[in-house]
Amino acid sequence: MRLAQRMDRLGTETAFDCLCRARALECRMDVVHLEIGEPDFDTPKHIVEAAKQALDQGYTHYGPSAGLPELRAAIAEYAGKLRGLKFRDEQIVVTPGGKPVMSFAIMALVEEGDEVIYPNPGFPIYESMIEYMGGRAVPIHLREERGFRLDAEELASLVTPRTKLIIINSPANPTGGVLTKEDLRLICDVALQNDVWVLSDEIYAEIIYDAKFESIAQFPELYTRLIILDGFSKTFAMTGWRIGYGIMPKGLADKLARIQTNTNSCTATFTQRACLQALQGPHEPVDRMVAEFKRRRDFIVEGLNQVPGVRCQQPAGAFYVFPGVQATGYDCKVLADRLLEEEGVACLAGTCFGKYGDGYLRFSYANSVENIAKALERFKKLLSRR
Ligand code: PLP
């Protein structure tokens, strides 16, 4: 098969592969799923009902590429309130999931050989999409001793005349790290001084525990070169619905809408109508989910720190922990494989999130406390066999 060369540069998200392996193993053993990054809660009932109603009302046709006007307006209002700001409807582009905002923004901004600085360990699709589009992916090392927060001085040292875009993510996948207002101020300064775009992935904005969520959008001087990525997948437990959005300058929003006309045409219209309910209906289901995540975070962090050779920070956001496992003596990939194959605990090696993830594991705690307890026991059992 002769394919385009760029296909050799396309990476993947190993969580999906791991889920497949774990499901295949399930026919012969009990598996605790701590690998996949999605809430284990059902989508709140009122959102599901709104989707059913929308189908009955005939929302089964194409819609505008940028999104239904009523949803763009509701997003501008909701996303603005969350960040203490005002956005305009024309800045919003509704997409099938948050992921397309990433790839479409890179498509629109990055030329062959342009450099893009991205967090590492970080969401693997950043590196994959940068390389695929012909950019040069420049990792910035997120260090455990900084609570996995990006160091702005290090960021400044990575900028060159070819740097086009900086990607940040807070709260972060896979570390749960959260950037402070001061961090964001410094990142903003680096972007302004070097005339670089910023893509701020804020998909976990509402899944935050001890810290206040801070968005880099609070600095208006960045507005002409800022893209915010957010969506419904995590906050409203709607991963399978495939809907998210970007907030950006109107000129770029128009271009992203055009990319959608060329690719997916638009986001499903009945889904968009359901999302109106997500934004305007009761918020308690989200609050309850986040409270439960916090309880599980406390439980898993305490449990992991009791496993010999494992060291785990308490993350302030998202629903992941990223413990260091160097002291177990295992390579992290070997440890993740043995945990799955011998003990039925599915988790990911830190290297699934880039080279600087070496020595770590990622556990998603989107699972019950009972199952997390079971996984911790099995983890101890595996290590005791050594
Ligand atoms: N950004 C980050 C950091 C994520 O972890 C994910 C999903 O895991 C996404 C974006 C994509 O979200 P969506 O499912 O809405 O495409």
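Provided above is the structure to which this section pertains.
None of the values given here were measured: they were computed from a predicted structure.

Undergrad: Quick question: what am I supposed to make of the pattern of salt bridges here?
TA: As a working rule, side chains carrying opposite charge can pair if their charged atoms are close by. The final tally for this structure, using the stated rule, is 34 salt bridges. Arg185 serves as the salt-bridge partner of Glu221, at 3.0 Å between the closest nitrogen and oxygen. In this pair, Glu221 is assigned in the loop between strand E6 (197–201) and strand E7 (226–231) and Arg185 in helix H7 (residues 181–194), connecting sequence segments 36 residues apart. You can call Glu221 partly exposed: its relative accessible area is 37%. One connected set of salt bridges, linked through shared partners, spans Arg338, Glu342, Glu343, Lys381 and Arg385.

Undergrad: Explain the pairing of E7 to me, please; I cannot follow it from the model alone.
TA: A regular strand places its side chains on the two faces of the sheet in alternate fashion. Counted residue by residue, E7 has six buried out of six residues, so it is predominantly covered. Of the two faces of E7, the one carrying Leu226, Ile228 and Asp230 and the one carrying Ile227, Leu229 and Gly231 are both buried. Relative to E7, E6 runs parallel, the two sharing four bridges. The residue of E7 that forms the bridge with Asp201 is Leu229. With four bridges connecting them, E7 and strand E8 (residues 244–247) associate as antiparallel partners. Along E8, the bridge assignment pairs Gly231 with Gly244.

Undergrad: For this particular structure, what's the right way to read unusual backbone geometry?
TA: If a residue is not glycine, its phi is most likely negative; likewise, a peptide bond is most likely trans. Here the residue pair Asn120 and Pro121 is connected by a cis peptide bond, since its omega of 5° sits within 30 degrees of zero. Take Pro121: it is sitting in the loop between strand E3 (115–120) and helix H5 (124–132). Omega for the bond connecting Ser170 with Pro171 falls within 30 degrees of zero, at -15°, which places this linkage in the cis form. With respect to the helices and strands, Pro171 occurs in the loop between strand E5 (163–169) and H7. One non-glycine residue, Phe148, adopts positive backbone phi at about 60°. Here Phe148 lies in the loop between strand E4 (136–141) and helix H6 (152–158). For Ser265, which is not glycine, the phi torsion reads 70° and is therefore positive. Counting through the fold element by element, Ser265 comes out in the loop between helix H8 (250–262) and helix H9 (269–280).

Cut-off values and rules
Residues numbered from 1 in each chain as written. Predicted model: local features only at pLDDT ≥ 70, side-chain atom pairs only at ≥ 80, totals over all residues. Heavy atoms only, no water. Salt bridge = Lys/Arg side-chain N within 4 Å of Asp/Glu carboxyl O. Helix = DSSP H or I, 4+ residues; strand = E, 2+ residues; numbered from the N terminus. Buried < 20%, exposed > 50% of the residue type's maximum accessible area, 1.4 Å probe, protein only. Pairing = 2+ DSSP bridges.

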